[in-house]
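# Architecture and fold: a report
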Amino acid sequence: MKKREEPVKSAEEIEREFRKKCLGEAGIGYSTGAGLIFFVSALFMLIVGAAVKFPVDVTTGDTVYPDWYLYLSFLIPQLCLVGAALFYFLRTKETVRVLAKNCKWYYFLIAIALQLGLMFPVSELNELFIKGLRAIGYHGGGVNVPSLTGWNLLPAILVIAVLPALFEETLFRGILSRNMDASGWGVVPTIFLCGALFSVYHGNPEQTLYQFASGVCLTFVAVRAGSMLPTVIAHFLNNALILVLEATGYGTRWTMPLGVYIAVIVVAALLFLGSLFFLIFFRRDKLQKGKIVYGKKFFFGACVGIGVCAIQWIVNLISGFVL
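The sections below set out a description of the structure shown in this document. Note that the structure is predicted; figures quoted are calculated from it, not measured. (Residues numbered from 1 in each chain as written. Predicted model: local features only at pLDDT ≥ 70, side-chain atom pairs only at ≥ 80, totals over all residues. Heavy atoms only, no water.)

## What to know about the overall build of the protein chain
- Across its full length, the protein chain holds 10 helices and zero strands.
- Sequence-ordered secondary structure for the protein chain, helices as α and strands as β, is α-α-α-α-α-α-α-α-α-α.
- Relative to the compact-globule value of 20 Å for 323 residues, the protein chain shows a C-alpha radius of gyration of 21 Å, a close match.
- Seen through its C-alpha atoms, the protein chain measures out along the principal axes to roughly 85 × 50 × 40 Å.
- Burial status across the protein chain gives 42% buried among its 323 residues.
- Sequence-distant contacts, at least 24 apart, represent 84% of the contacts inside the protein chain between residues at least 6 apart. (Helix = DSSP H or I, 4+ residues; strand = E, 2+ residues; numbered from the N terminus. Rg over C-alpha atoms; globule rule 2.2 N^0.38 Å. Buried < 20%, exposed > 50% of the residue type's maximum accessible area, 1.4 Å probe, protein only. Contact = heavy atoms within 4.5 Å.)

## Notes on the packing of helix 1 (residues 11–51) against helix 10 (residues 295–322)
- At a closest axis distance of 7 Å, the pairing of helix 1 and helix 10 adopts a crossing angle of 20°. Relative to helix 10, the element helix 1 is oriented roughly parallel. Relative to helix 10, the crossing made by helix 1 is left-handed. Residue-level inspection shows Lys20, Leu23, Gly24, Ala26, Gly27, Ile28, Tyr30, Ser31, Ala34 and Phe38 of helix 1 in contact with helix 10, the latter providing Lys297, Phe298, Gly301, Ala302, Cys303, Val304, Gly305, Ile306, Val308, Cys309 and Gln312.
- Among the residues making up the contact of helix 1 with helix 10, the classes are represented as 13 nonpolar, six polar and two charged. (Axes fitted to C-alpha atoms, helices over the stretch in contact; angles between N-to-C directions. Parallel < 35°, antiparallel > 145°, perpendicular 65-115°, else oblique. Left-handed = near helix turned anticlockwise from the far one by under 90°. Nonpolar A, V, L, I, M, F, W, Y, C, P; charged D, E, K, R; others polar.)

## Comments concerning the pattern of salt bridges
- Under the criterion given, the structure shown has six salt bridges.
- One salt bridge connects Glu94 with Arg178, and the closest N-O pair in it is separated by 3.0 Å. One end of the pair, Glu94, is in the loop between helix 2 (67–92) and helix 3 (96–99); the other, Arg178, is in helix 5 (residues 153–182), and 84 residues separate them in sequence.
- What makes Arg178 partly exposed here is its relative accessible area of 21%.
- Notably, a salt bridge pairs Arg173 with Glu169, separated by 2.7 Å at the nearest N-O pair. With Arg173 and Glu169 both in helix 5 and four residues apart, this pair spans about one turn of that helix.
- Exposure remark for Arg173: the relative accessible area of 2% places this residue in the buried category. (Salt bridge = Lys/Arg side-chain N within 4 Å of Asp/Glu carboxyl O.)

## Here we look at the packing of aromatic side chains
- The full count for this structure, using the stated rule, is 22 aromatic pairs.
- Look at Phe54 and Tyr65: their rings are 5.2 Å apart centre to centre, the planes differ by 70°, and that puts the pair in the edge-to-face class. Pair noted here: Phe54 is in the loop between helix 1 and helix 2 and Tyr65 is in the loop between helix 1 and helix 2, with a separation of 11 residues, a long-range link.
- Classification of Phe54 by relative accessible area gives buried; the value is 14%.
- Under the relative-accessibility criterion, Tyr65 is labelled partly exposed at 30%.
- For the pair Trp105 and Tyr106, a centre-to-centre distance of 5.7 Å together with 75° between the ring planes defines the contact as edge-to-face.
- Residue Trp105 is classed as exposed on the basis of its relative accessible area of 61%.
- A connected cluster of aromatic rings, assembled from ring pairs, spans Trp105, Tyr106, Tyr107, Phe277, Phe278, Phe281 and Phe282.
- If you follow Arg173 out to its NZ or CZ, it ends over the ring of Phe198, 4.4 Å from the centre. (Phe/Tyr/Trp six-rings, centres within 6.5 Å; stacked < 30°, edge-to-face > 60°. Lys NZ or Arg CZ within 6 Å of the ring centre and 35° of its normal.)

## Overview of the environment of Pro77
- Relative to the helices and strands, Pro77 resides in helix 2.
- The spatial distance from the C-alpha of Pro77 to the C-alpha of His202 is 10 Å, given a sequence separation of 125 residues.
- Ignoring sequence-local partners within four residues, the contact set of Pro77 consists of Ile37 and Tyr201.

## Describing unusual backbone geometry
- A positive phi angle, near 70°, is found at Lys93, a position not held by glycine.
- Inspection of the secondary structure assignment puts Lys93 in the loop between helix 2 and helix 3.
- On the accessibility criterion, Lys93 (69% relative accessible area) is exposed.
- Look at Tyr294: it is not a glycine, yet its phi comes out positive at around 55°.
- By secondary structure assignment, the location of Tyr294 is in the loop between helix 9 (258–281) and helix 10.

## Description of the environment of Thr231
- By secondary structure assignment, the location of Thr231 is in helix 8 (residues 229–247).
- Under the relative-accessibility criterion, Thr231 is labelled buried at 0%.
- Along the backbone, Thr231 and Pro55 are 176 residues apart, and their C-alpha atoms lie at a distance of 39 Å.
- Among the polar contacts listed, one links the side chain of Thr231 to the side chain of Glu169, at a separation of 2.7 Å. (Polar contact = N/O pair within 3.5 Å; in protein donor to acceptor, adjacent residues only side chain to side chain.)

## Looking at the nonpolar core
- In terms of nonpolar packing, the biggest core is built from 36 residues, with Tyr30, Phe172, Leu176, Met180, Leu197 and Phe298 touching the most fellow members.
- Those elements giving two or more residues to this core turn out to be helix 1, helix 2, helix 5, helix 6 (187–202) and helix 10.
- Not counting the four nearest positions on each side in its chain, Phe172 is found in contact with Tyr30, Ser177, Cys194, Leu197, Phe198 and Tyr201.
- If you look at the next biggest cluster of nonpolar residues, it comprises 28 residues, including Leu118, Val187, Leu218 and Phe272. (Core = buried A, V, L, I, M, F, W, Y, C linked by side-chain atoms within 4.5 Å.)

Printed below as a string of structure tokens:
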């Protein structure tokens with residue numbers, strides 16, 4: 001009996017199937033990263049909590065964590081994201097080079113300008129959001145960082161600035177946004193969904209507004225540039241500058257002279273608005289409309305990660321009102 005020949009697939013059909021696979025794997029990558037972070041971090045806290053008795057500050061009642069514990073608490077999520085990214089690359093056979101293509105030099109300047117705008121004018125809006133939470137009884141704590149005095153600043157920059165810039169950007173502005181955009185989702189769904197996923201991933205109710213704005217802006221740059229390289233630089237500078245300001249005593253607006261702070265706000269706001277204007281109104285051919293193609297494939301893969309991150313965010317929010 002003559003064997004039936006399979007129809008030859010066109011290049012477009014092969015590309016569509018590949019994009020569908022990669023989009024599903026991107027969702028799985030998000031779930032893998034979030035799930036690993038939750039499991040490994042919980043295991044780490046249980047083991048250390050059972051083995052070590054941390055001192056308590058008698059004036060505030062807060063637990064005082066040593067630097068080694070704080071470093072590990074920042075390092076563990078990044079190692080988990082490495083695992084999630086490797087899992088994605090092994091299953092899709094894509095390479096990091098595809099996500100980190102060369103792009104126009106001005107996208108680096110735009111990414112940095114946007115990040116400066118986020119750090120100052122947008123952070124002021126986030127401060128109002130925090131005040132609103134506190135007005136209704138929220139008492140969430142800040143983020144504990146290791147000692148930043150002297151040479152201690154260098155390892156802190158490595159763990160808190162360099163590694164997140166590399167690995168968080170690989171997942172969010174590389175794997176997620178690139179697959180959404182390449183599948184024809186269009187700019188608006190891509191940047192707002194990535195912004196939401198980036199925000200809920202951090203699980204910090206106080207920083208929800210700021211993280212969402214950061215996710216949207218950085219994704220916008222990555223989509224327009226066709227590369228995650230500019231956002232890696234911007235992400236690094238954001239975290240590193242925060243650490244340097246904290247180390248030098250200028251970590252809050254109250255420690256800056258009022259005139260200096262107002263000047264910084266005005267300049268950063270102008271850079272922020274100018275960068276958004278460029279991204280929206282120049283090269284409009286890259287602002288293609290689209291629709292959420294293979295959405296079920298992506299959300300099925302990402303549902304575990306979204307659930308884990310959402311539960312953590314809700315628990316942290318409730319804890320801020322109860323504890």
